[in-house]
Structures are given as structure tokens and as C-alpha cells.
Amino acid sequence: QVQLVESGGGLVQPGGSLRLSCAASGSIRTMLLMAWYRQAPGKERELVASTTIGGITNYAESVKGRFTISRENGKNMVYLQMNSLKPEDAAAYYCNAVLVIVEGPRTEQFWGQGSQVTVSS
């Protein structure tokens, strides 16, 4: 069984910073793609940032220059450093992973349970 567990969400004032972490555990062979999505109430889930096994990163236009995604392959961890947070960044943030798992082996996509980020004064 593979699990993704997020941590690091919370309440922050506009202009503040938060760092989200996602720990992947289980029968993982390779982390092909790691990403962060977010979903605000009444809105669709959207991609925030992603990083490939080769280190290629991609960001939503709305977060470029403010958010940074990084990964530690040896620890099966991915992070999202969020700076200069705005009220419109408030959402539930979900870790997403495309992994090669040992069983098979085969490639599967997994989601974390979500971590709430609130940006308010």
C-alpha cells in the first residue's frame, strides 16, 4: 500500500509563508512525478506545481515567483514552499504522485488527504 501524507498547512497572514510537506510511503520503486494541487470551495481542483524525476518543474501562472516545489528522492518527500501568500491562495492543498510501485511493477497515481491553507488577517 502506498500512502501520501501532507503536513504543514495552517493559518497565515497575507504576505506570510508556509511550507507544505508530503511524505510518500509504501512499496515505491520510483517517483516519476510529484505535484501539488489545490481546491478552494466552489472551485475546481487546479495544478499548483509539479516536478518530474528529471527535475523539471512547472508552476501555475498565479504562483510563479512565489511558490517553489522541491523533492528529496531518497526520502520520498516533496515540498511546497509558499511565500508572499495571498487570500486567493487559501485552499485545500493536495499532494499528488505518479509512482512506479513494486507490485507488477506498474505505474499508478496517488493522492494525499489534503492540507488546509488559510490566508487571512
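Parameters at a glance
- Residue positions are given per chain, counting from 1 as you read along its sequence in written order.
- Per-residue local features of the predicted model are confined to residues with pLDDT of at least 70, and side-chain atom pairs are confined, for both listing and counting, to 80 or more; whole-chain, interface and lining totals are unaffected and use all residues.
- The side-chain numbers reported here are obtained from all heavy atoms of the structure, hydrogens and water having been left aside.
- Secondary structure elements follow DSSP: runs of H or I no shorter than four residues count as helices, runs of E no shorter than two count as strands, and numbering proceeds from the N terminus.
- For a compact globule the rule gives 2.2 Å times the number of residues to the power 0.38, and the radius of gyration it is set against comes from C-alpha atoms.
- Type-normalised accessible area, obtained with a 1.4 Å probe on protein chains alone, sets the label of each residue: buried when under 20%, exposed when over 50%, and partly exposed for intermediate values.
- For every accessible area listed, the method is Shrake-Rupley and the probe measures 1.4 Å; residues are considered covered only by the protein chains on display.
- Lys and Arg are tallied as positive, Asp and Glu as negative. Neither His nor the chain termini are counted.
- In this description, the location of a charge corresponds to atom NZ of lysine, CZ of arginine, CG of aspartate or CD of glutamate.
- Take the buried residues of types Ala, Val, Leu, Ile, Met, Phe, Trp, Tyr and Cys, join any two whose side-chain atoms come within 4.5 Å, and each joined set is a nonpolar core.
- In what follows, a contact means two residues having at least one pair of non-hydrogen atoms within 4.5 Å.
- At least two DSSP bridges between two strands are required for those strands to pair.

Trainee: Could you give me a rundown of the overall build of the chain, with the residues and numbers involved?
Mentor: A tally of helices and strands in the chain yields 0 helices and 11 strands. Listing every helix and strand of the chain by position from the N terminus yields β-β-β-β-β-β-β-β-β-β-β. Against the compact-globule benchmark of 14 Å for 121 residues, the chain has a radius of gyration of 14 Å, which places it among compact chains. Its C-alpha atoms put the chain at 50 × 25 × 25 Å along the principal axes. Counting only residues that meet the buried cut, the chain has 44% of its 121 residues in that class. Summed over its atoms, the accessible surface of the chain is roughly 6,200 Å², and 48% of this surface lies on carbon and sulfur atoms. When the 11 positive and 9 negative side-chain charges of the chain are each reduced to one mean point, those points stand 4 Å apart.

Trainee: Can you tell me about the nonpolar core, naming the residues and giving the values?
Mentor: Of all hydrophobic cores here, the largest spans 32 residues; its most connected members are Trp36, Val48, Phe67, Leu80, Met82, Tyr93 and Leu99. Sorting the residues of this core by element identifies β3 (18–25), β4 (28–39), β5 (46–52), β7 (67–72), β8 (77–82), β9 (91–101) and β11 (115–119) as the ones contributing at least two each. The biggest single contributor to this core is β9, with 6 residues. Apart from residues no more than four positions distant in its own chain, Leu80 is found in contact with Leu18, Arg19, Leu20, Trp36, Val48, Ala49, Phe67, Thr68, Ile69 and Tyr93.

Trainee: Tell me about the pairing of β4, residues and numbers included.
Mentor: Bridging between β4 and β9 involves 10 bridges; their strand directions are antiparallel. Opposite Gln39, over in β9, you have Ala92 as the bridge partner. Examined bridge by bridge, β4 and β5 share 6 bridges and lie antiparallel to one another. Residue pairing across strands places Trp36 opposite Ala49, the latter belonging to β5. A loop of 6 residues connects β4 with β5, the two strands running antiparallel in sequence, and Gly42 in this loop sits at a positive phi of about 80°.

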